[in-house]
Amino acid sequence: MKRACAWVLALLTMAALWPASAARADNPIVQTIYTADPAPLVHDGRVYLYTGRDEDGSTWFTMKEWRVWSSTDMVNWTDHGSPLSLSTFSWAKSDAWAGQAVQRNGKFYWYVPTTNRATGRMAIGVAVADSPTGPFRDALGRPLVENGEIDPTVFIDDDGQAYLYWGNPHLWYVKLNADMTSYSGSPAQIPLTTAGFGTRTGDAARPTLFEEGPWVYKRNGLYYLVFAAKCCSEFIAYSTAPGPTGPWTYRGTIMPTQGSSFTNHPGIIDYQGGSYFFYHNGALPGGGGFTRSVAVEKFTYGSGGTIPTINMTTSGAPQVGTLNPYVRQEAETIAWESGVETEPASEGGMNVGWIENGDYIKVKGVGFGAGARTFTARVASAAAGGRIELRLDSVNGTLAGTCTAPGTGGWQTWTTVSCAVTGATGTRDLYLRFTGGSGYLFNVNWWQFS
Ligand code: FUB
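Residues numbered from 1 in each chain as written. Predicted model: local features only at pLDDT ≥ 70, side-chain atom pairs only at ≥ 80, totals over all residues. Heavy atoms only, no water.

Trainee: Would you mind showing me how to read the overall build of the protein here?
Mentor: Within the protein, the regular secondary structure consists of 3 helices and 34 strands. Computed over the C-alpha atoms, the radius of gyration of the protein is 22 Å, within 12% of the 22 Å expected from 2.2 N^0.38 for a compact globule of 450 residues. Along the first, second and third principal axes, the C-alpha atoms of the protein reach 65 × 45 × 40 Å. Here the protein, with 450 residues, has 58% of them falling under the buried criterion. When contacts within the protein are restricted to residue pairs at least 6 apart in sequence, those whose partners lie at least 24 apart make up 59%. Carbon and sulfur atoms make up 51% of the accessible area of the protein, which amounts to about 16,400 Å² in all. The positive charge centre, built from 32 side chains, and the negative charge centre, built from 36, are 2 Å apart in the protein. (Helix = DSSP H or I, 4+ residues; strand = E, 2+ residues; numbered from the N terminus. Rg over C-alpha atoms; globule rule 2.2 N^0.38 Å. Buried < 20%, exposed > 50% of the residue type's maximum accessible area, 1.4 Å probe, protein only. Contact = heavy atoms within 4.5 Å. Areas by Shrake-Rupley, 256 points an atom, 1.4 Å probe, with all protein chains shown as cover. Lys, Arg positive; Asp, Glu negative; His and termini not counted. Charge placed at Lys NZ, Arg CZ, Asp CG, Glu CD.)

Trainee: Sorry, what's going on with the domain arrangement of the protein here?
Mentor: Interface size is commonly expressed as the accessible area that is lost once the parts come together. Each domain of the protein was delimited in the assignment, giving domain 1 (25–305) and domain 2 (329–449). For domain 1 and domain 2, the distance between their C-alpha centroids amounts to 34 Å. Tallying the contact residues gives 16 residues for domain 1 and 14 residues for domain 2. For the pair domain 1 and domain 2, the summed buried area comes to about 1,200 Å², and 48% of that belongs to carbon and sulfur atoms. Considering only the surface of domain 1 that becomes buried against domain 2, Gln31, Thr32 and Asn76 emerge as the three largest contributors, covering 41% of it. Its salt-bridge partner being Asp26, residue Lys362 comes within 3.2 Å of it at the nearest N-O pair. Counting every contact that joins domain 1 to domain 2 gives 10 residue pairs in polar contact (both at pLDDT 80 or more). Looking at which element gives the most residues to the side of domain 1 that touches domain 2, the answer is strand β4 (residues 77–79), with 3 residues. (Domains from an automatic or database assignment. Buried area = accessible area lost by both parts, 1.4 Å probe. Salt bridge = Lys/Arg side-chain N within 4 Å of Asp/Glu carboxyl O. Polar contact = N/O pair within 3.5 Å; in protein donor to acceptor, adjacent residues only side chain to side chain.)

Trainee: Explanation requested: the site of the ligand in the structure shown.
Mentor: In the vicinity of the ligand, the residues found are Asp37, Phe61, Met63, Trp97, Ala98, Ile150, Asp151, Glu212, Thr263, His265, His280 and Arg292. Within the side chain of His265, a nitrogen or oxygen atom sits 3.1 Å from an oxygen atom of the ligand. In the complex, the protein chains occlude 99% of the 270 Å² of accessible area that the ligand would expose alone. Taken together, the residues that form the shell around the ligand break down as 5 nonpolar, 3 polar and 4 charged. (Near = heavy atom within 4 Å. Nonpolar A, V, L, I, M, F, W, Y, C, P; charged D, E, K, R; others polar.)

Trainee: How should I be thinking about the pattern of salt bridges in this particular structure?
Mentor: Pairing is possible between side chains that carry opposite charge, provided their charged atoms lie close to one another. Applying the stated criterion across every chain, the model contains 17 salt bridges. Residues Glu211 and Arg206 are paired through a salt bridge, measuring 3.5 Å at the closest nitrogen-oxygen approach. Per residue, the accessibility class of Glu211 equals that of Arg206, and both read buried. Residue Arg391 pairs with Glu389 through a salt bridge whose shortest N-O separation is 2.9 Å. Accessibility classification places Arg391 together with Glu389 in one group, the buried group. The network of salt bridges with common partners includes Arg53, Glu65, Arg67 and Asp79.

Trainee: Would you mind showing me how to read the sheet that holds strand β16 (residues 210–219) here?
Mentor: Within a sheet, neighbouring strands are paired by backbone hydrogen bonds and run either parallel or antiparallel to one another. An order of β16-β17-β18-β19 is seen for the 4 strands of this open sheet, with the pairing classed as antiparallel. Each of the sheet's edge strands pairs with one partner strand only, and the pair in question is β16 and β19 (249–255). Pairwise comparison of adjacent strand axes, ignoring direction, gives a mean angle of 25° for this sheet. Looking at chain direction, β16 and strand β17 (residues 222–229) are connected through 7 bridges and run antiparallel. Note on β17: the bridge partner recorded for Glu212 is Ala228. (Pairing = 2+ DSSP bridges. Axes fitted to C-alpha atoms, helices over the stretch in contact; angles between N-to-C directions.)

Trainee: Even after reading the chapter, I still don't get the confidence of the model for the protein, so can you show me in this structure?
Mentor: Parts of the prediction with low pLDDT should not have their coordinates interpreted in detail. Taken residue by residue, the protein gives an average pLDDT of 95. The fraction at 70 or more is 95%. Taken together, the stretch residues 4–23 has pLDDT below 50 and engages in 17 contacts with residues farther than four places along the chain or on a different chain. (pLDDT = per-residue confidence, 0-100.)

As structure tokens, then:
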């Protein structure tokens, strides 16, 4: 977001007013761009997080692409870029809104709402990939279903039957076939009763709290339908049922109206023995209802499977384990950053770029153990290069080493540099602090200690 003047100004203001808390915060979990509408998926021991992207300076839901992130520890998130965008769907005109990806039979299906150019109505498309990070392709070349309503969520029951739910202002479902790209029967409405979805006052057309953003799952035999409630501002509420289509009973608020965004959007998973609630708010500088950011909190179910009230925090979820610095880590694996952006790298994956003097990346809970001796990084620079300072515990903390990144003749002309490291022992937060002259200094693709 550095390229937006407002963002630069906001950062400068933050640096002056809020440096200590910014350095400690881990929510929102992405700072390089605005993200919205989280949809987490656990696959093969990793959490994949599918989001939308709010454009910088948006004054509407101006959304052109979807993004993927992943983590094994819930605090350091790797940027996988944008493997799905409006251009993936030849029939889509605009509005890359809230979707969800699920896995079945070794394939990944990403259901998204977007505007059909031919009809001008919101429709649900489905993209498919062989990997959770894509690339995704349009599975059908046309919408899967279209009735002008939004926000698909997909749930696969224990008997293998998959259900697609979506809707605003109604709540629809249809049974998906095993191919996940066609359905049986016709879309049906889930009755929006006040017993099922709570009572909204002051809006005769919408007597229940259900607004949008359904998220359906099953846990210990109980079916959950979590949703964005009431408008506007929204809060997050939930209902439960003995079956996938009801009858639903309203169970109350999960996340009250908070956080400078008039929408919110839920996503819930269990991972490594913990339960996690993803949502969005307007907490980044320049953030608001159309410049949102995804965040996460850990929670514990109550007796009978109740979900407690969860408040937004700037600290986020605790780290699961530690990050291993002795295997190659992508530079775009970030707990918190200041000033940098990411882009596709010529060597594959993403790299960190737009680095200027004083920018930094925080990598949380790095397990150095007995101690690291050497730091190696893959760098490129069409300018003069600069230095990577390895700081421990804080951005101005103990200097464990300094690596020089030379000019290489191109922003994607990569070379590997190494430097000596001292004092990096135990489990520490690592700050890669970038220094040098003026302008953009260099890019970083990956790093590793030995
Ligand atoms: O992000 C665009 C729309 O805003 C989503 O589809 C809704 O759920 C709301 O978050």
